[in-house]
Amino acid sequence: MQLTPAWEKIQQAIVRAINNDVSIQQLTSVGGGSINQSYCVKTERHKYFVKLNSAQRLAMFETEAMGLQELKDHSAIRIPDVICFGTADQQSYLALEWIDLCSSSTQSDQLLGQQLAQLHAIEQPYFGWSVDNFIGSTPQPNEQTAHWVEFLIEQRLGYQLQLAARHGAGRRLIQKGNKLLEQVPLFYSDYLPQPALLHGDLWGGNYAMDDTGQPVIFDPACYYGDREADIAMTELFGGFGPGFFDAYQATYRLDDDYQIRKKLHLLYHILNHFNLFGGGYESQAESLISDLLSSS
C-alpha cells in the first residue's frame, strides 16, 4: 500500500526494532481512548498497535513505554511488548505488540487480583519514580521522597488543585480542597504505607483478557506509591468483578481503613478529569472533599 511519509518512517522504525524487514500491508483505525489516534498495523506476518499524537507529546509515549517495561520486569501480569517509539514528521508514535483482547471473565478477574497483589508486595526504594510522567495527558510529577503523606499532598492532590484553580474551578472547591490538604495526615495516623509499583491508572478500560484467558493491563501511569491508590482506581468506573477484589485480599490483605482513604485516591482522578474535561467533575470533586472532611 502507498504510505504517507510519516508512516514510512514508522515502518522503518519497526524494521530497526525487530531487526527484520517488514512492510505495512494494512492500516485500520481502532479505538484507543480520547487522547490519541490508534491503529492496527498489519504487516506480512504480524500486527502491531500504534498510537499517534502530535510531535510535542513524545514524552507521553516515552514514559508510557518506560512504565510498560517496568511493569513487565516486576510482574507476572501480561503487558504488551514495546516495539518502538519516536517522532515521524509532525507526529509522535508508540508501537506495541498487538494482543487480541476479549472482555474479562471471572477467572481472569481472580488471576489479576492475585497477580496485582503479588506485584504490590514487592518492596520499592521510595515513593515517586525515576521520571515525571502523565495521567492521561496531564503531567504527573514524581519527585522521589521517603514520605507518602508529603508525596500525596504535594505531588498528587495539591498539584491537581493548583491545576483546577487555573482551569476555572469555583472558589468553594479550592478552599475546601486546601482545607483537606491540611487534614490529610490524619488519615495516616495509624497506617504506614510501603512503596509499591503501581499501574497508576487502573480503570476498567485499561484491563482486558487475551485469547488464552490471561489478564492484560496497559496504558499505565506508573510510579511507586501506596497500593491503595491502584485498588481505589479499580472501583471508580467499574469493570472489575468481585473475584478480583476477593483474590487480591486473599493474597495481600488491605488495611481495614482502606474504605475511608480510598476517597483520597478517587479525588485525585476526579480532579484530573475536571482538569481534562471540565463539566460535572467539579461537583463530584467537591462532594468527595466534603465526605473526606467529615470523616477526618
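Colleague: Quick question: what am I supposed to make of empty space enclosed by the protein here?
Modeller: In this approach the atoms are scanned with a rolling probe the size of a water molecule, which exposes any empty space left behind. Overall, the coordinates contain two cavities of 30 Å³ or more when judged by the stated rule. Approximately 50 Å³ is the volume attributed to the largest cavity. W148, L152, R156, Y223, A229, H265, Y268 and H269 together form the lining of the largest cavity. At the level of elements, α4 (148–166) and α8 (258–277) are the ones that each hand at least two residues to the lining of the largest cavity. Along the lines of polarity and charge, the residues of the lining of the largest cavity split into five nonpolar, two polar and one charged. As a volume, the second largest cavity reaches approximately 40 Å³. If you trace the second largest cavity, you find it lined by Q140, G200, Y223, A229, D230, Y268 and H269. For the lining of the second largest cavity, the elements supplying multiple residues, two or more each, are α6 (228–234) and α8.

Colleague: Help me understand the side chain of S92 in this model?
Modeller: Tracing the sequence through the fold places S92 in strand β5 (residues 91–97). Taking the relative accessible area as the measure of exposure, S92 reaches 0% and is therefore buried. Among the polar contacts made by the side chain of S92, one reaches the main-chain carbonyl oxygen of S54 at a distance of 2.7 Å. Leaving out residues up to four positions away in the same chain, S92 has contacts with K51, L52, N53, S54, A55, R57, L58, F61, G86 and T87.

Colleague: Just checking my understanding: could you explain helix α9 (residues 281–295) for this structure?
Modeller: Counting along an α-helix, one turn takes 3.6 residues, and residues three or four places apart therefore face a common direction. Spanning 15 residues, α9 covers 21 Å between terminal C-alpha atoms, matching the ideal 21 Å at 1.5 Å per step. In this fold, the buried residues of α9 make contact with α5 (171–183) and α8.

Colleague: Is there a simple way to think about the sheet that holds strand β6 (residues 101–102) in this case?
Modeller: The strands that make up a sheet pair up through hydrogen bonds in the backbone, lying either parallel or antiparallel. Strand order in the open sheet formed by three strands is β6-β10-β11, and the pairing between neighbours is antiparallel. Two strands close off the open sheet at either side, each with one partner strand: β6 and β11 (215–217). In this sheet, β11 lies alongside strand β10 (residues 207–210) in antiparallel orientation, the contact comprising three bridges. Across the sheet, the residue bridging to M209 is P215, located in β11. Sitting on the sheet, helix α3 (residues 106–120) is in contact with β10 and β11, with an inclination near 60° to β11.

Colleague: Mind showing me how you'd approach a negative patch on the surface here?
Modeller: Negative charge collects at one region of the surface, where D132, E143, E150 and E154 lie side by side. Locating E143 in the fold gives a position in the loop between β8 (138–140) and α4.

Colleague: Just to check I follow, could you spell out the packing of aromatic side chains for this structure?
Modeller: Note on aromatic pairs: each is described by the distance of the centres and the angle between the planes. Under the defined criterion, the tally for this structure stands at 10 aromatic pairs. Aromatic side chains W7 and Y39 sit 5.4 Å apart centroid to centroid with 85° between the ring planes, which places their arrangement in the edge-to-face category. One end of the pair, W7, is in helix α1 (residues 5–18); the other, Y39, is in strand β2 (residues 37–42), with 32 residues separating them in the sequence. Taken individually, W7 and Y39 each receive the classification buried, so the pair is uniform in this respect. With a centroid separation of 5.1 Å and 15° between ring planes, the pair formed by Y207 and F240 is classed as stacked. Of this pair, Y207 sits in strand β10 while F240 sits in the loop between α6 and α7 (242–251); the two residues are 33 residues apart in sequence, bridging distant segments of the chain. An aromatic cluster is present here, built from F127, W148, F151 and Y223 joined pairwise through their rings. Between the NZ or CZ atom of R156 and the centre of the ring of Y223, over which it lies, the distance is 4.1 Å. Here the basic side chain of R261 rests over the ring of Y191, its NZ or CZ set 3.8 Å away from the ring centre.

Here is what the cut-offs are and how they apply
- Residues numbered from 1 in each chain as written.
- Predicted model: local features only at pLDDT ≥ 70, side-chain atom pairs only at ≥ 80, totals over all residues.
- Heavy atoms only, no water.
- 1 Å grid on protein atoms, 1.4 Å probe; cavity = no way out; pocket = protein on both sides within 12 Å on 5 of 7 lines; lining within 4 Å.
- Points joined across faces, edges and corners; volume = space filled by probe spheres on them.
- Helix = DSSP H or I, 4+ residues; strand = E, 2+ residues; numbered from the N terminus.
- Nonpolar A, V, L, I, M, F, W, Y, C, P; charged D, E, K, R; others polar.
- Buried < 20%, exposed > 50% of the residue type's maximum accessible area, 1.4 Å probe, protein only.
- Polar contact = N/O pair within 3.5 Å; in protein donor to acceptor, adjacent residues only side chain to side chain.
- Contact = heavy atoms within 4.5 Å.
- Expected span 1.5 Å × (residues − 1).
- Pairing = 2+ DSSP bridges.
- Axes fitted to C-alpha atoms, helices over the stretch in contact; angles between N-to-C directions.
- Patch = residues over 30% accessible without salt bridge, like charges linked within 9 Å, V, L, I, M, F, W, Y side chains within 5 Å.
- Areas by Shrake-Rupley, 256 points an atom, 1.4 Å probe, with all protein chains shown as cover.
- Salt bridge = Lys/Arg side-chain N within 4 Å of Asp/Glu carboxyl O.
- Lys, Arg positive; Asp, Glu negative; His and termini not counted.
- Charge placed at Lys NZ, Arg CZ, Asp CG, Glu CD.
- Phe/Tyr/Trp six-rings, centres within 6.5 Å; stacked < 30°, edge-to-face > 60°.
- Lys NZ or Arg CZ within 6 Å of the ring centre and 35° of its normal.

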